[in-house]
Amino acid sequence: MSAMSFEECVIRPVRAEEWKAAKELRLTALRDPVARLAYLDTYEEAVARPDSFWRERTANGARQFIAETADGRWVGNVAVLIEEAGTTDWAGSPVERRQGHLVGVYVAPGHRGSGLTKALFDAAVEWAWECGAERVRLIVHPENARALGFYRKAGFVESGVTVPPADRPEERELEMVLER
Ligand SMILES: CC(C)(COP(=O)(O)OP(=O)(O)OC[C@H]1O[C@@H](n2cnc3c(N)ncnc32)[C@H](O)[C@@H]1OP(=O)(O)O)[C@@H](O)C(=O)NCCC(=O)NCCS
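In this text, all values refer to a predicted model and were calculated from it rather than measured experimentally.

Thresholds, definitions, all that
Residues numbered from 1 in each chain as written. Predicted model: local features only at pLDDT ≥ 70, side-chain atom pairs only at ≥ 80, totals over all residues. Axes fitted to C-alpha atoms, helices over the stretch in contact; angles between N-to-C directions. Helix = DSSP H or I, 4+ residues; strand = E, 2+ residues; numbered from the N terminus. Parallel < 35°, antiparallel > 145°, perpendicular 65-115°, else oblique. Contact = placed C-beta atoms within 7 Å. Nonpolar A, V, L, I, M, F, W, Y, C, P; charged D, E, K, R; others polar. Buried ≥ 20, exposed ≤ 12 C-beta atoms within 10 Å, placed from the backbone. Pairing = 2+ DSSP bridges. Right-handed = clockwise from strand over helix to strand, strands pointing away.

## Looking at the packing of helix H1 (residues 19-30) against helix H4 (residues 51-60)
Next up, step 1: Orientation of H1 relative to H4, taken along the N-to-C sense of each, is 100°, at an axis distance of 9 Å. When the axes of H1 and H4 are compared, the pair comes out roughly perpendicular. Note on element contacts: H4 touches H1 through Trp54, Arg55 and Thr58, opposite Trp19, Ala22 and Lys23.
Next up, step 2: Considering only residue class, the contact of H1 with H4 consists of three nonpolar, one polar and two charged.

Below is the structure:
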């Protein structure tokens, strides 16, 4: 497939009843060659989950933005969690300011380098600002060079905080932050 320009895609939030398409996009992302660096779960774990998991995740999980082609294919995903000041995050660290946390970042290979990732990020970051977030963060593996390159290009800066992935305590991932 030749690279398409991002103008040919619509960026929009996922609706609860679209859980099957959301599941398929997630399974596609989990089969990417860099999935081990990019995501905390695996294809094998995800594919074994019941429909109830995907229904619940799509209806009540993070706010999920997708990129959809004119013929209805889902080719990109970014999800936004809002973390409240005064709470503790998944790693047990205190959240000091209300912030957005971007997860599940994926763009299909034929659409990379086209500007689509930036358009998805713009939608996700804008939504976080509308929710009153004071900053937006994400976590990236230092060996995921293309993701790091994109995040830097999009204005994210390494905060100096590192976190071990839940299943690999010997490794460290980098927190990157975009200030409002
Ligand atoms: C991460 C991802 C969303 C980035 O989107 P993208 O459209 O590929 O990003 P772009 O091509 O616009 O930007 C990547 C930048 O990194 C650069 N880059 C690519 N490979 C690189 C490498 N090996 N080393 C350094 N920089 C690299 C590119 O040159 C580009 O910068 P440029 O536009 O200035 O040339 C996409 O590649 C993807 O879905 N990857 C698989 C899943 C993944 O890793 N998700 C992130 C989880 S944290």
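## Remarks on the environment of Asp122
Next up, step 1: Mapped onto the elements, Asp122 comes out in helix H5 (residues 116-130).
Next up, step 2: When the 14 C-beta atoms within 10 Å are taken as the criterion, Asp122 is described as partly exposed.
Next up, step 3: Placed 111 residues apart in sequence, Asp122 and Ile11 show a C-alpha to C-alpha distance of 9.7 Å.

## Some thoughts on the pairing of strand S4 (residues 99-107)
For a regular strand, the rule is simple: side chains alternate between the two faces of the sheet.
Next up, step 1: Taken across its nine residues, S4 has seven buried, putting it largely inside the fold.
Next up, step 2: Of the pairings in the sheet, the one linking strand S3 (residues 74-83) to S4 comprises seven bridges and is antiparallel in character. Paired with Ala79 across the two strands is Val103, which belongs to S4.
Next up, step 3: Where S4 meets strand S5 (residues 135-140), three bridges bridge the pair, whose relative direction is parallel. The partner of His101 across the bridge, within S5, is Arg137.
Next up, step 4: Handedness of the crossover is the feature at issue here: the chain leaves S4, passes through H5, returns alongside S5, and the resulting connection is right-handed.

## Re the sheet that holds S5
Next up, step 1: Taking strand neighbours across the sheet as the criterion, the seven strands line up as S1-S2-S3-S4-S5-S7-S6 in an open arrangement whose pairing is mixed. Each edge of the open sheet carries a strand with a single partner, namely strand S1 (9-13) and strand S6 (157-163). Across the sheet, the axes of successive neighbouring strands diverge by a mean angle of 25°, strand direction being ignored.
Next up, step 2: Note: S5 against strand S7 (residues 173-179), six bridges, orientation antiparallel. When the bridges of S7 are listed, Ile139 appears paired with Glu175.
Next up, step 3: Docked against the sheet, H1 engages strand S2 (63-69), S3 and S4, running at close to 100° with respect to S3.
Next up, step 4: Together, S4, S5 and S7 form the strand contacts of helix H6 (residues 145-153), whose direction differs from that of S5 by roughly 165°.

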